[in-house]
Amino acid sequence: MDSRRFPFADRAAGALLDADGRIVRWTPEAGRLLSLRADEVCGHPARELLADPAAWTGLLADRTAGNWSGRAVLRSGRGEELGIVFQVLPLTEADGAAGKPTGEARYFVLAAPDGLVAQWRQDEAFTRELFLQDRVGLAVFDDRLRLVRTNTHLLPYTGLPPDLRGRRLGDFLAAADATAVERQLREVLRTGRPLVRAGDLVRTVQDPGGGVVMAISAFRLQAPDGQVIGVTALFNDVTELHRSGERLAVLHRATAAVGGSLSVTGTAEELAAVLAPGLADQAVVEIAEPVFTGEEPAPGQDGRLLLRRAAVAGSVPDGPGADPGAAGPGPAAAETVLVDADDLPAADSPASMTAPLRARGGLLGRVTVRRAPGRPGYEPADLDLLREIAARAALAVDNARRYTREHRAAVSLQRSLLPPAQTETAAVTTASVYLPTDSASGIGGDWFDVIPLSSARVALVAGDVVGHGLEASATMGRLRTAVRTLADLDLEPDELLVHLDDLVSQLLVEGGNADGPEEDGWSARHRSDPFGATCVYAVYDPVSRRCAMASAGHPPPAVAAPDGTVEYVPVRPGPPLGVNGLPFEATEIEVAPGSVLALYTDGLIQSSGGDLDEGMAELRRRMSRPGAVTAPLPELGRELVAGLPAHRLADDVTLLLARTRAVPAGSTATWSLEADPAAVARVRETATARLRAWGLEDLVFTTELVLSELVTNAIRYAGGPVEVRLILAERLTCEVSDPSATQPRMRRARLTDEGGRGLYLVAQLSSRWGSRYTRRGKTIWAEQELP
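Read on for a plain summary of the structure. Everything numeric here is computed off the predicted structure, so don't read it as measured data.

## A few points about the environment of arginine 484
Structurally, arginine 484 is set in helix α9 (residues 470-487). For the pair arginine 484 and proline 452, spaced 32 residues apart in sequence, the C-alpha to C-alpha distance is 9.7 Å. Not counting chain neighbours up to four residues away, the residues in contact with arginine 484 comprise Asp449, Val450 and Ile451. A distance of 3.3 Å separates a polar side-chain atom of arginine 484 from the backbone oxygen of valine 450.

This is how it looks when you write it as structure tokens:
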């Protein structure tokens, strides 16, 4: 039987013919094909099956010696014509059972429909060409995953045995790679689900280098009876496509990474972290020294530029291409090197590449990548990728440089507008912490202040201007100046906030009317929207040991008592500054000496991302720790802000800590006088005795003159009762209080005037003097420095 012509012998129709061409036997498949039973055809001439019996003569004329075949058209039992391809096999004596003649049977005829034969021929051509082509690797495995047949290009590189039949993948592939591929093929055998383009790294045992990436597709092979006989796999080399995809992914990751930071060092670190291991085993980013401070780098007279190693990621062992000085982010990360600003080598070796960081025509630095010994060298496409990444990273570095310059200017401006970090007065000792935000919108408008007032009192202020940038800093400076000016008037806290609110409202009006035909483009782009602000203003009196405060939309101050308990002042917050027309309410509390007052902005209690209540609870917890209230204030301030991301703050953090002091009762003296001119002499005598008791004999004369002038004026122009008070603290303060609300005014007396020189004498004899309104009138005070 010619199996090349009739591979479907099990599905072909068959008949036995005698020497005269009569049908002797008839197979069931023949009956199904022609819809004729055996009893209907056996004994009849085969030519009766032809659609045209006259064609029988032509068929016999085409026969040859031995097997012969041809094509005929039959008529089925249903009367339909059916084209078939047939093959005739003459039977000899050897074809009989046990070598005996077959008797009357002389020919065996196989026939199949035209369509079935055409399909087989297509399948045969497809299979033959599939194993002859060399673009896709093809392998047929048996059910034990042994190779049965392959084409010549199963794996297009060295390391394969010449004959693969009967071998397993593990015989010539790296163990890990063979196991991974066989796991997937075994799953196809088990489930019958095809495998479609699964990417696997394939390396041979003899050539364990970089290997190739194969896209593997596989399907299960089954016999006609359904028995699993093996699996066919197609191996397609997609190494270049895979590498192109990896390069594109590295480019995308690098672009996203360097675009998310406004820090020069942070940008360099993000870039190095993407390149190693994305493109190298080690990545080194070096930045020109001036860039770190926001300046534009300029080569020296010799054309060379000093670079500082800003970031190192990964490492390479000793060997070709290794850089011992760049083994990690330790001390080597601060090394510097001089390079030619106009001539940077692109590749030092096949395992090392360098690309410049250039922006706006200037060299900002360079990035170098290295691969460990034994790894494949870089290709031209890798260098193109590194240059593209370096070009994008250079723009990010330049943006970070420009932001650094503006941020440093804004921080310098804001710090110049703030008071010293530590102060000491008779009423309090203070320490402060200020952490500017590092966001893209710039620093905020937070501020604090410690303002000495009359009579040894002190004002503590904390405020926050809405917004960020230079505009917020400038507004903060205006508000701080305004608060100092209003504080010099010795206003009550709630009254001071009313005046400050009026000022902010005027600034809002001015900001709303800023548009005009003469406004240039820069002003229009950089002018911020109308702003608002919050503020808390507290006045502490070390004599009475009481603290009065008022809030304009600001978080309440915290008070840590000497016993360690921490409470928030129950101040009623008024509206933020700028709302205008709404009142503010003052709250007064008694503060024990040695207590710690904490004034802060919302950046301190919002930094963790939680709500204000959670932030305030955390602040209370930290202030309540044992020993916190007695700790040095600078140390306590650092502890309270510990854990905040100093370079990733969403808002400025301002904290003012004040430890209260008290003026002892023995350091004050108070006398009440009637409106009698004779009382002036008595108060001089009493004050002189008190000064001598304090050891201030050097101030007796000037104090007598000051008290004489002030008491005389009070009795003459305000009436009684008059109260006189001396306070010994950092300075000697003389106070005279009367029931009149008229403020005194110093004037220059003419030569012919008999009076008008009293306040002039007071101003000349004292270091500072003034007056303030009280609930019962006014108080005039004068301070003298202690000898």
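## Comments concerning the pattern of salt bridges
For the structure shown, the criterion picks out 41 salt bridges. Residues arginine 32 and glutamate 29 are paired through a salt bridge, measuring 2.8 Å at the closest nitrogen-oxygen approach. Highlighted residues: arginine 32 and glutamate 29, both in helix α1 (residues 28-34), separated by 3 residues, approximately one helical turn. Accessibility expressed as a relative area gives 58% for arginine 32, which makes it exposed. The shortest N-O distance in the salt bridge between arginine 572 and glutamate 585 comes to 3.5 Å. Here arginine 572, found in the loop between β23 (566-568) and β24 (573-574), pairs with glutamate 585, found in the loop between β24 and β25 (587-590); they are 13 residues apart in sequence, far enough to count as distant. Relative accessible area serves as the criterion here: at 54%, arginine 572 is assigned to the exposed category.

## Considering the sheet that holds strand β22 (residues 558-560)
Reading across the sheet, the 6 strands line up as β16-β17-β27-β26-β22-β23 and stay open at both edges, with antiparallel pairing between neighbours. Two strands in the sheet have a free side with no partner beyond their single neighbour: β16 (422-424) and β23. Averaged over all adjacent pairs, the angle separating strand axes in this sheet is 15 degrees, with direction ignored. As defined by bridge partners, β22 adjoins strand β26 (residues 596-600) across 3 bridges and the pair is classed as antiparallel. Within β26, the residue paired with alanine 558 across the bridge is alanine 598. Lying over the sheet, helix α13 (residues 612-623) contacts β22, β23 and β26, oriented at roughly 150 degrees with respect to β23. Against the sheet, helix α14 (residues 633-640) engages β16, β17 (428-435), β26 and β27 (653-660), with an angle of about 145 degrees to β27.

## A closer look at helix α15 (residues 679-693)
The terminal C-alpha atoms of α15 lie 21 Å apart, and with 15 residues this matches the ideal 21 Å at 1.5 Å per residue to within 8%. Taken together, the buried positions of α15 are Ala679, Val680, Val683, Ala687, Thr688 and Leu691. For α15, the elements touching its buried residues are β28 (668-673), α16 (700-717), β29 (722-728) and β30 (731-738).

## Notes on the packing of helix α8 (residues 380-417) against α9
Where α8 contacts α9, the axes come no closer than 10 Å and their chain directions differ by 10 degrees. The orientation of α8 relative to α9 falls into the category roughly parallel. Together, Ala410, Leu413, Gln414 and Leu417 of α8 and Leu470, Ser473, Met476, Gly477 and Arg480 of α9 make up the contact between the two elements.

How each quantity is defined
Residues numbered from 1 in each chain as written. Predicted model: local features only at pLDDT ≥ 70, side-chain atom pairs only at ≥ 80, totals over all residues. Heavy atoms only, no water. Helix = DSSP H or I, 4+ residues; strand = E, 2+ residues; numbered from the N terminus. Contact = heavy atoms within 4.5 Å. Polar contact = N/O pair within 3.5 Å; in protein donor to acceptor, adjacent residues only side chain to side chain. Salt bridge = Lys/Arg side-chain N within 4 Å of Asp/Glu carboxyl O. Buried < 20%, exposed > 50% of the residue type's maximum accessible area, 1.4 Å probe, protein only. Pairing = 2+ DSSP bridges. Axes fitted to C-alpha atoms, helices over the stretch in contact; angles between N-to-C directions. Expected span 1.5 Å × (residues − 1). Parallel < 35°, antiparallel > 145°, perpendicular 65-115°, else oblique.

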